[in-house]
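Observations on the model geometry
Take a look at the letters that make up each chain.
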Amino acid sequence: MIWLTWRQHRKQMLAALIGLAVLLAVLIPTGLKMHHAFTDMGTERCLNGLGDGSLVGAGKVSECQSVVDRFQRAYGDYGRAALLLIFVPLLAGLFWGAPLVAREIESGTHRLVWTQGVTRARWGAVKIAAITVAALLFAIGYAALVSWWMGPLNRTGTSRLEFLSFDVQGIAPIGYTLFAVALGIFAGTVTRKVMPAMAMTLVGFVVLRIPLAVLGRPNFQGAKDLKYPVVSDTAPNIGNGNWVISDGVYDRAGSLLAGDTQAVCWPPPDSPDADGCYGAGAYNLVSYQPGDRFWPFQYLETGVYVLLAAGLLYLAIRRLQRQMT
Amino acid sequence: MTSALETTDLGKRYGRDWGLRGCSLRVPVGSVAALVGPNGAGKSTLLHLAVGLLKPDEGEVRVFGKAPGDSRELLEQVGFVAQDTPLYPDFTVAELVKLGSKLNRTWDDDLAVDRLGKLDIPLDRKAGRLSGGQRAQVALVLAIAKRPRLLLLDEPVAALDPLARREFMQALMGIVADQGTTVLHSSHLLGDVERTCDWLVVVRKGSAQVVGSVDELLAEHRTLIGPRTREGEYSGVGTVLRESHTDKQTTLLVRTGGPIHHPAWNVSDVTLEDLVLAYLADPNAAALPGPVSLPQRGVGA
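Note that the structure is predicted; figures quoted are calculated from it, not measured. The numbering scheme is per chain: residues are counted from 1 as the chain's sequence reads. Here the convention is simple: chains get letters from A, ligands get numbers from 1, in the order in which they are written. It should be noted that, the model being predicted, local features are given only for residues of pLDDT at least 70 and side-chain atom pairs only at 80 or more, the latter also being counted only at that level, while totals for whole chains, interfaces and linings use all residues. Side-chain figures throughout are based on the complete set of non-hydrogen atoms in the structure, without hydrogens or water.

Moving on to the domain arrangement of chain A. Interface size is commonly expressed as the accessible surface area that is lost when the partners come together. Residue and element names in this part refer to chain A. Residue ranges for the domains originate in an automatic or database domain assignment. By the assigned domains, chain A splits into domain 1 (2-220 + 293-321) and domain 2 (224-292). Each of domain 1 and domain 2 has a C-alpha centre, and the two are 36 Å apart. Facing 28 residues of domain 1, the contacting portion of domain 2 comprises 22 residues. Carbon and sulfur atoms supply 60% of the area buried between domain 1 and domain 2, which totals about 1,900 Å² over both sides. Buried area, as used here, totals the accessible surface that two parts lose on assembly, with accessibility defined by a 1.4 Å probe and the loss added over both. Contact with domain 2 buries area across many residues of domain 1, yet Leu55, Ala58 and Arg293 alone supply 32% of it, more than any other trio. Between Lys or Arg on one side and Asp or Glu on the other, a salt bridge is scored when a side-chain nitrogen of the former is within 4 Å of a carboxyl oxygen of the latter. Put simply, domain 1 and domain 2 have zero salt bridges between them. For this analysis, a polar contact is any N or O atom pair within 3.5 Å, provided that within protein one partner can donate a hydrogen and the other can accept it, and provided that sequence-adjacent residues contribute only side-chain to side-chain pairs. Here domain 1 and domain 2 share eleven residue pairs in polar contact (both at pLDDT 80 or more) between them. Each helix is a run of DSSP H or I of at least 4 residues and each strand a run of E of at least 2, with the numbering of both proceeding from the N terminus. Taken together, the elements giving at least two residues each to the side of domain 1 that touches domain 2 come down to strand S1 (55-57), helix H3 (58-81) and helix H10 (294-321). Of the residues forming the side of domain 1 that touches domain 2, the biggest block, seven residues, is contributed by H3. By residue class, the composition of the side of domain 1 that touches domain 2 is 15 nonpolar, eight polar and five charged. In this description, contact between two residues means that some pair of their heavy atoms is separated by no more than 4.5 Å. Side-chain classes are defined by residue name, with Ala, Val, Leu, Ile, Met, Phe, Trp, Tyr, Cys and Pro counting as nonpolar, Asp, Glu, Lys and Arg as charged, and the others, Gly among them, as polar.

Pasting the structure below:
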């Protein structure tokens, strides 16, 4: 059974290895370059110098912001290109998961392999275990690589808690990959044809992933609030990776003056009515997820997808054992 | 006689339609049985139920006394050649043999390699590049090298040309003679199996219509030719299955209760083909075994 599994899936393994090699060839040189620049441009030193406080000296923040902007101008495109990596787990579901059972039934070879001296339960268990373990190993390698690569980008403008950034690093991609593979296998036992199984995998993956990321993730834990005056000698720390959910500038009475923005008048103007300072008593109100919630959120989301994957694989094996032709 | 395969009121539903219903039959150990019926009669369904690819919706199916399911022991005892003889097209013949050896504890590698050598099938050829006849032969080799006690074949020769068809049947009969395997072989054409089978199962519209030993069936049925007789005016001739009339004479195909002594009739033997066609043409006729363990239902005699 193990020989058969290897014989049937070795091409898929080879394709995945080539994919991983291409990823390595692209990410290692660019990642090294980015890490060097992060150090050489003084970005890292400046951000580390800000400490852990929520509000730090506005002068220091302003200084660091210009260094960060310089880094962003040079490497911001890398961050945008990295969004493509979000599709990698889906590929595993489409090309490894979906055909596992569906291709056998579609081509009729299930009638050959399920009538040998190996029970269908064992056939399914070996195949599913092999593909799942392979997907797990690839996902670990991929996630570790991207997590390293994203390091400097996480600290220069885009918090790693933010959409799409969160989704390509840490351990979450491992959860997504296992879920995609399990969904593909399960879909194959339902549709019994490869293309519909792939379509079902695609739809199922997107339908779950997007709402959970967009609606669920910001609410995994209550957001924190930060309130600070517009005219002040302190400003929010840009070095601690907080994820800003919403922000705005309010007047003394608490009415919104400007949404989706923050204002810091620094160096301190002659009068609070100076241009862009919103008058006396104006303050910023920021709702945010602290940067140190990255790992708890990662564990939570990965856990959800791993449980879903386990459930789908259980259902797939049960469907295999029951009538499946 | 013990049964290799026995079904009781077996039914399998596809959505709202029954692919098989009230199907009761048996195939004795050691027999070479033909499973005959028109397309869509339920032959494939019956074989898939027997090999455990399908589960019954009602009734039961027993192979060597056990219900086929996820049992390794039973899977090893049953060889199955599916319709259109599916093989992995990107596997070489040698890899298919390896598949058989890896998945069956009872596998006989020498038998497989030896037979493929005799058939001149190159071991390094990919299955997708074999001719239809070669594919069928390879599928048969895969089914017999596990040394099954029961061999089920689902129209393996349907897609073959007459020469390949004859070669396949010869190969099959050679194996049966060597190993004493029980065979159930389906076909929508009686010609494929007529010369080789000693047990006959005719299915029609999802249930068994004729089940029995070929010799007994042939002994029980007679063609009678006599003077023009009006319909319904025959007596003492048994059950009339088919009648045809010309101006001067009447021809009957009958199932007799015993010898026919009526002097008006000229009695002769029937061929198996005539017999099967007569039953298939008459949905109300059935020849099911009498006092065996099977209840009779569905179409009544």
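Note that Glu95(B) resides in helix H3 (residues 93-103). Buried residues are those whose accessible area, probed at 1.4 Å on protein chains only, stays under 20% of the maximum for their type, while exposed residues exceed 50% and partly exposed ones sit between those limits. The exposure class of Glu95(B) is buried, given its relative accessible area of 16%. Side chain to side chain, Glu95(B) and Arg7(A) meet in a polar contact 2.8 Å long. Here Glu95(B) is in contact with Trp3(A), Arg7(A), Arg10(A) and Asp90(B), once residues within four sequence places are set aside.

The next subject is the state of the cysteines. For the purposes of this analysis, a disulfide is any pair of cysteine sulfur atoms at a distance within 2.5 Å. Evaluation of the coordinates by the stated rule reveals two disulfides over all chains. Cys23(B) provides the cysteine sulfur closest to Cys197(B), a residue in no disulfide bond, and the two sulfurs are 17 Å apart.

For the rest of this paragraph, the subject is the sheet that holds strand S13 (residues 266-269) of chain B. Residues and elements named next belong to chain B. The antiparallel open sheet is built from four strands, whose spatial order is S11-S12-S10-S13. In the strand order of this sheet, the two ends are held by strand S11 (239-245) and S13, each with one partner. On average, each strand axis in the sheet is inclined to that of its neighbour by 25°, with strand direction left out of account. Strands are treated as partners if at least two bridges between them are detected by DSSP. The pairing of strand S10 (residues 221-227) with S13 spans four bridges and is classified as antiparallel. Bridge pairing links Thr223 to Ser268 in S13. Angles run from 0 to 180 degrees between N-to-C directions of axes, and those axes are lines fitted to C-alpha atoms, restricted for helices to the stretch in contact.

Put simply, helix H1 (residues 2-40) of chain A and H3(B) touch, their axes get as near as 9 Å, and they point 145° apart. Facing H1(A), whose interface residues are Trp3(A), Leu4(A), Arg7(A) and Arg10(A), H3(B) presents Glu95(B), Lys98(B), Leu99(B), Lys102(B) and Leu103(B). The class makeup of the residues in the contact of H1(A) with H3(B) is four nonpolar, no polar and five charged.

Another aspect to go through is H3(B). Inspection of H3(B) places Val93(B), Glu95(B), Leu96(B), Val97(B), Leu99(B), Gly100(B) and Leu103(B) among the buried residues, and these make up the whole buried set. Residues of H3(B) that are buried in the fold lie against H1 and helix H6 (110-113) of chain A together with helix H4 (109-118) and helix H5 (132-144) of chain B.

Residue and element names in this part refer to chain B. For Asp108, the position within the fold is in the loop between H3 and H4. Judged by relative accessible area, which is 16%, Asp108 ranks as buried. With 38 residues separating them in the primary sequence, Asp108 and Lys146 have C-alpha atoms 6.1 Å apart. Polar contacts involving the side chain of Asp108 include one to the main-chain amide nitrogen of Leu111, which spans 3.0 Å. Within the structure, the side chain of Asp108 is placed 2.9 Å from the side chain of Arg147, a separation counted as a polar contact.

Moving on: the interface of chain B and chain A. Facing the 32 residues of chain B at the interface are 26 residues of chain A. Among the residues chain B hides against chain A, the three largest losses belong to Leu53(B), Tyr88(B) and Leu103(B). Together they make up 26% of the total. At the boundary of chain B and chain A, one finds three salt bridges. Here Asp90(B) and Arg7(A) are joined by a salt bridge, their closest N and O atoms 3.8 Å apart. Counting every contact that joins chain B to chain A gives eleven residue pairs in polar contact (both at pLDDT 80 or more). Secondary-structure elements contributing two or more residues to the side of chain B that touches chain A are helix H1 (43-51), helix H2 (72-77), strand S5 (78-81) and H3 of chain B. When residues in the side of chain B that touches chain A are grouped by element, the largest group, seven residues, is from H3(B). Classifying every residue of the side of chain B that touches chain A by side-chain character gives 15 nonpolar, six polar and eleven charged.

Turning next to the nonpolar core. Judged by nonpolar contacts, the single largest core of 153 residues is most densely connected at Leu25(B), Leu96(B), Val138(B), Leu140(B) and Leu152(B). Top contributing element to this core by residue count: helix H7 (residues 120-154) of chain A, with 15 residues. Among all residues touching Leu140(B), those that are not within four sequence positions of it are Val81(B), Leu151(B), Leu153(B), Phe168(B), Ala171(B), Leu172(B) and Ile175(B). As used here, the term nonpolar core means buried Ala, Val, Leu, Ile, Met, Phe, Trp, Tyr and Cys residues forming a set that is joined through side-chain atoms within 4.5 Å. Grouped together as the second largest cluster of nonpolar side chains are 20 residues, Leu190(B), Val210(B), Val270(B) and Val276(B) included.

Turning next to the sheet that holds strand S2 (residues 17-28) of chain B. Adjacent strands of a sheet pair through backbone hydrogen bonds, lying either parallel or antiparallel. Residues and elements named next belong to chain B. As summarised here, the arrangement of the three strands in space is S2-S1-S4, forming an open sheet in which the pairing is antiparallel. Two strands close off the open sheet at either side, each with one partner strand: S2 and strand S4 (58-63). Strand-to-strand twist in this sheet, taken as the mean axis angle between neighbours without regard to direction, amounts to 15°. Note that strand S1 (residues 3-14) and S4 share five bridges and pair antiparallel. Across the sheet, the residue bridging to Leu5 is Val63, located in S4. Of the strands in this sheet, S1, S2 and S4 touch H1, which is tilted by about 115° from S1.

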